[in-house]
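Structural features, examined
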Amino acid sequence: MTEFDIVDAEAVRSGRATDAYFDRTATALEGAGRNPRVVAEVTADQFPTGEFELFAGLKDAVALLSGRDVDVHAIPEGRLFDGGPVMRIEGEYLTFARLETSLLGFLSHASAIATAALDCRVAAPDASVLSFGARHVHPAMTAAVERSALVGGLDGFSHVAAGDLIGREASGTMPHALSICFGRGEQEAAWRAFDDAVDESVPRIALCDTYSDEVDEVLRAVDALGDRLDGVRLDTTGSRRGDFRHIVREVNWELDARGHSDVDVYVSGGLGPADLRRLRDVVDGFGVGGYVSNADPVDFALDLVAVAGEPAAKRGKLSGAKAVYRTAAGDHAVGLAGREGPADAESLMEPVIRDGEVVAGDAVDLEAATERALADAERVGYGSE
Ligand SMILES: O=P(O)(O)OC[C@H]1O[C@H](OP(=O)(O)OP(=O)(O)O)[C@H](O)[C@@H]1O
């Protein structure tokens with residue numbers, strides 16, 4: 001009995017974190033003395049759909065399969081895909097049967113979140129965009145959310161413990177609760193308390209919408225902190241927002257009129273790519289929560305595509321080990337592995353585990369994944385208007 005409803009890492013690693021039917025399948029196969037060599041593929045769509053998604057979660061998938069007698073190929077994290085396999089596992093079926101549930105979970109959530117993050121990245125390429133959505137998900141998922149947001153090109157994230165795991169410090173300054181603790185009309189006391197107590201390395205970004213008009217609170221923050229004020233954040237609640245772009249422009253105007261155009265303006269609260277496009281030329285940064293963290297998981301499935309060296313698949317799925325390609329024109333293509341791919345096309349899958357040993361290299365490296373995501377987005381024109 002654990003304190004929280006969190007399945008622990010050991011249950012994932014051991015295969016206990018599985019759907020029961022895999023346990024029963026293993027029992028049946030063991031009882032029948034059957035354990036064929038198979039090829040299994042993880043796929044969202046059989047053929048290209050015209051809609052790219054960003055691949056993430058491979059680091060954990062590789063960790064799950066490492067040390068087991070399998071060979072695994074995958075497209076590297078941070079590559080866009082559209083149809084065909086993202087991962088191929090070869091080995092005896094019982095070696096990985098019980099791992100399917102966790103494997104798909106790792107990939108499905110991470111890829112969805114990375115894709116949503118990339119939507120935001122390309123919507124505001126020059127602004128700082130931070131992931132604020134940890135509060136919307138189960139705490140067991142927060143590190144995966146924040147890491148996937150980084151794979152998708154976001155500049156940072158808010159969750160402290162996720163930062164410990166990822167090896168990067170969380171960002172963030174103050175919630176409305178800070179001002180409210182000091183009381184109506186006492187926002188200056190809140191901003192000064194923050195400035196007095198919080199480490200100098202943390203930017204002084206005052207939240208300026210708690211009790212009164214944004215311009216009024218911004219100018220009061222300027223008076224209260226003077227040159228120590230780095231920026232202001234407007235998180236105006238939806239029912240009070242009116243024309244948010246106009247409000248932000250007015251704030252910028254009034255800052256400029258008083259010689260404080262160096263104060264950065266950040267906005268947050270219910271924002272998505274369309275909002276980022278609308279506001280990107282008037283703000284310095286965005287906090288994006290639910291749009292990224294609440295992305296619907298990619299509908300990955302794991303299917304057997306060959307048994308004992310022969311093509312095999314359930315109906316509706318394509319048999320045979322496959323390769324996926326990026327063509328010179330930037331399209332995604334799927335073909336049988338071992339056949340020649342399209343002319344001038346780059347094959348996307350690479351070995352990540354060989355005989356149980358991890359050989360993934362930078363295919364699971366976070367910084368390399370982000371670089372790939374941005375380069376791939378540019379190459380295929382992802383999110384271009
Ligand atoms: O809206 P999302 O895009 O999902 O982003 C998360 C939001 O959560 C916080 O708002 P909240 O109103 O809870 O702020 P508070 O805690 O400062 O009141 C934060 O300031 C973001 O606006």
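These figures come from a predicted structure and were not determined experimentally. Along each chain, residue indices are assigned from 1 in the same order as the chain's sequence is written. Per-residue local features are limited, in this predicted model, to residues with pLDDT of at least 70; the limit for side-chain atom pairs, both in listing and counting, is 80 or more; totals at the level of whole chains, interfaces and linings are taken over all residues. As a convention, hydrogens and water are excluded, and side-chain values are obtained from all of the structure's heavy atoms.

**Concerning the packing of aromatic side chains**
The cut-off we apply is this: Stacked, tilted and edge-to-face are the three classes assigned to paired rings of Phe, Tyr and Trp, where Trp is represented by its six-membered ring and a pair needs centres within 6.5 Å; plane angles under 30 degrees give stacked, over 60 edge-to-face, the rest tilted. Counting from the N terminus, the helices are DSSP H or I runs at least four residues long and the strands are E runs at least two residues long. Burial classification: accessible surface area is computed with a 1.4 Å probe over protein chains only, and a residue below 20% of its type maximum counts as buried, one above 50% as exposed, and the rest as partly exposed. In this analysis the charged atom, NZ for Lys or CZ for Arg, is taken to sit over a ring once it is within 6 Å of the ring centre and within 35 degrees of the ring normal.
Following the criterion strictly, the structure yields five aromatic pairs and no others. Ring centres of Phe-55 and Phe-300 lie 6.3 Å apart, and the angle between their planes is 85°; this geometry places the pair in the edge-to-face category. Residue Phe-55 is found in the loop between strand S2 (53-54) and helix H3 (58-65), and its partner Phe-300 is found in the loop between helix H13 (290-293) and strand S12 (301-307); the two are separated by 245 residues along the sequence. Residue classification places Phe-55 among the buried residues on the basis of a relative accessible area of 0%. Among the aromatic residues, those joined into a cluster by ring pairs are Phe-55, Phe-81 and Phe-300. The ring of Phe-244 has Arg-241 lying over it, and the distance from NZ or CZ to the ring centre is 4.2 Å.

**Points about the environment of Glu-340**
Positionally, Glu-340 belongs in the loop between strand S15 (332-336) and strand S16 (346-347). Each C-alpha atom of the pair Glu-340 and Ala-323 lies 9.7 Å from the other, and the pair is 17 residues apart in sequence.

**Focus: the domain arrangement of the protein**
Threshold: Source of the domain bounds: an automatic or database domain assignment. The contact criterion used is simple: two residues touch if any of their non-hydrogen atoms lie within 4.5 Å. Here's the idea: put two parts together, see how much 1.4 Å probe accessible area each one loses, and the total over both is what we call buried area. Salt bridges are counted wherever a side-chain nitrogen of Lys or Arg sits within 4 Å of a carboxyl oxygen of Asp or Glu. Under the rule applied, a polar contact is a pair of N or O atoms within 3.5 Å (in protein, one hydrogen donor and one hydrogen acceptor; residues adjacent in sequence only if both atoms are side-chain atoms). Three classes are used, and their members are as follows: Ala, Val, Leu, Ile, Met, Phe, Trp, Tyr, Cys and Pro are nonpolar, Asp, Glu, Lys and Arg are charged, and the others, Gly among them, are polar.
Entries for the protein in the domain assignment read domain 1 (9-114 + 297-380) and domain 2 (125-294). The straight-line distance from the C-alpha centre of domain 1 to that of domain 2 is 38 Å. With 18 residues of domain 1 at the contact, the number on the domain 2 side is 13 residues. Taken together, the two surfaces of domain 1 and domain 2 that pack against each other cover about 1100 Å², and 66% of this comes from carbon and sulfur. When the buried surface of domain 1 facing domain 2 is broken down by residue, Ile-113, Leu-366 and Thr-370 rank first, second and third, together holding 51% of it. Summed over the shared surface of domain 1 and domain 2, the number is one salt bridge. For the salt bridge of Arg-147 with Glu-77, the shortest nitrogen-to-oxygen distance reads 2.9 Å. At the junction of domain 1 with domain 2, the criterion picks out three residue pairs in polar contact (both at pLDDT 80 or more). Residue assignment for the side of domain 1 that touches domain 2 shows that the elements contributing at least two residues are helix H5 (100-123) and helix H14 (366-380). Looking at the side of domain 1 that touches domain 2 element by element, the count peaks at six residues for H14. Classifying every residue of the side of domain 1 that touches domain 2 by side-chain character gives eleven nonpolar, three polar and four charged.

**Some details on the sheet that holds strand S6 (residues 128-131)**
Inclusion rule: Strand pairing is defined by DSSP finding a minimum of two bridges between the two strands.
Read across the sheet, six strands follow the order S7-S6-S11-S10-S9-S8 without closing on themselves; strand pairing throughout is parallel. The sheet is open, and its two borders are formed by strand S7 (156-157) and strand S8 (205-207), each paired with just one other strand. Looking at chain direction, S6 and strand S11 (residues 285-288) are connected through four bridges and run parallel. Looking across to S11, one finds that Ser-131 is bridged to Val-288.

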